[in-house]
Each structure stands twice: as structure tokens, then as C-alpha cells.
Amino acid sequence: MGIMERKDEQPQFGYGRGERPLPRLVDRDAEVIREVLRKAGCLEFSDSEDGFVVESGDEGAPFLVACTVDEWAEAEQELQRYRAALAGASMRVEPDPEDRKTLLVWMPHTA
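Please read these numbers as outputs of a predicted model, since none were measured by experiment.

Draft legend 1. Examining the nonpolar core more closely. Ranked by size, the top nonpolar core spans 22 residues in total, and within it I33, L37, F63, V65, Y82, L86 and V105 carry the most contacts. Secondary structure elements with two or more residues in this core: helix 1 (25-39), strand 1 (52-55), strand 2 (63-67), helix 2 (72-88) and strand 4 (99-106). Sequence-distant contacts of L37, defined by excluding residues within four places in its chain, comprise C42, F52, V65, Y82, A85 and L86.

Laid out in C-alpha cells, this is it:
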């Protein structure tokens, strides 16, 4: 095969919502976090909606789960929902000391 990948090959961990390829374990874990939050009724950030954003925890770092809601009182409620849903899925969740609208999240297999 060489440097170029064959078009018919699937990403190692399949695809997430919206046909997002999941080639690495960290990509799959980020998608698991997104699924937990979606199932809890939390909105995901998009062009038309405020909501959560998940950034990968490369190299053993925690995932960052941010709330894009502007008003702090509403964002704080959303962060509580995120925390409850993720902790209920056996994930370790802590506030980010550098950003009050962000949570640090570790998967159960890395916590």
C-alpha cells in the first residue's frame, strides 16, 4: 500500500456521528464522551446551537469538555449536567482550573 491509504479501508475504530472517521483510540474515546452527553440530552455545539465541545486528550492528557453558552448561570447548569452524565458513565471529571466553562475528563481505562 505504501504511503497512501486505500479508499476502501475503514478507520480502525469506525466512524462517529456525521461520518467522522475514528482512526485512533483517542478519537474513539472522544466520540464516546460525545455519545454520553448526547444521550443525556445535552446539545452539541454547531453553527446554529451553543452546546458542548470535546477536544482530544492526546498523550494521556485529559479530554477537555467545554460549554459554549455565553451566560454564566446557564453555562454552569449545563456543566453540572455534563459532569453528572460523564461521572454516571464511570468517567473521572474535574473542573479545569484555567477555564470555568471547561471540564477535564478521563476515560475509565485511564482514570
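Draft legend 2. Up close: the pairing of strand 3 (residues 92-96). Of the strand pairs in this sheet, strand 3 and strand 4 are connected by five bridges, and their pairing is antiparallel. Within the sheet, the bridge partner assigned to E94 lies in strand 4 and is L104. Connecting strand 3 to the next strand, strand 4, in antiparallel fashion are two residues.

Draft legend 3. View of the sheet that holds strand 1. One open sheet accounts for four strands, arranged 1-2-4-3; its pairing is antiparallel. Taken across any chain shown, the strands that pair with only one partner, and hence form the sheet edges, are strand 1 and strand 3. Shown here is a sheet whose adjacent strand axes are inclined to one another by a mean of 25°, direction ignored. With four bridges joining them, strand 1 and strand 2 adopt antiparallel strand pairing. Residue pairing in the sheet places V53 in a bridge with A66 of strand 2. Sheet strands in contact with helix 2 are strand 1, strand 2, strand 3 and strand 4, and its direction is about 5° off that of strand 4.

Draft legend 4. Structural context of a negative patch on the surface. A contiguous patch of negative charge on the surface is contributed by E49, D50, D70, E71 and E74. Inspection of the secondary structure puts E49 in the loop between helix 1 and strand 1. For E49, a relative accessible area of 38% translates into the label partly exposed.

Reading the values: rules and limits
- Residues numbered from 1 in each chain as written.
- Predicted model: local features only at pLDDT ≥ 70, side-chain atom pairs only at ≥ 80, totals over all residues.
- Heavy atoms only, no water.
- Core = buried A, V, L, I, M, F, W, Y, C linked by side-chain atoms within 4.5 Å.
- Buried < 20%, exposed > 50% of the residue type's maximum accessible area, 1.4 Å probe, protein only.
- Helix = DSSP H or I, 4+ residues; strand = E, 2+ residues; numbered from the N terminus.
- Contact = heavy atoms within 4.5 Å.
- Pairing = 2+ DSSP bridges.
- Axes fitted to C-alpha atoms, helices over the stretch in contact; angles between N-to-C directions.
- Patch = residues over 30% accessible without salt bridge, like charges linked within 9 Å, V, L, I, M, F, W, Y side chains within 5 Å.
- Areas by Shrake-Rupley, 256 points an atom, 1.4 Å probe, with all protein chains shown as cover.
- Salt bridge = Lys/Arg side-chain N within 4 Å of Asp/Glu carboxyl O.
- Lys, Arg positive; Asp, Glu negative; His and termini not counted.
- Charge placed at Lys NZ, Arg CZ, Asp CG, Glu CD.

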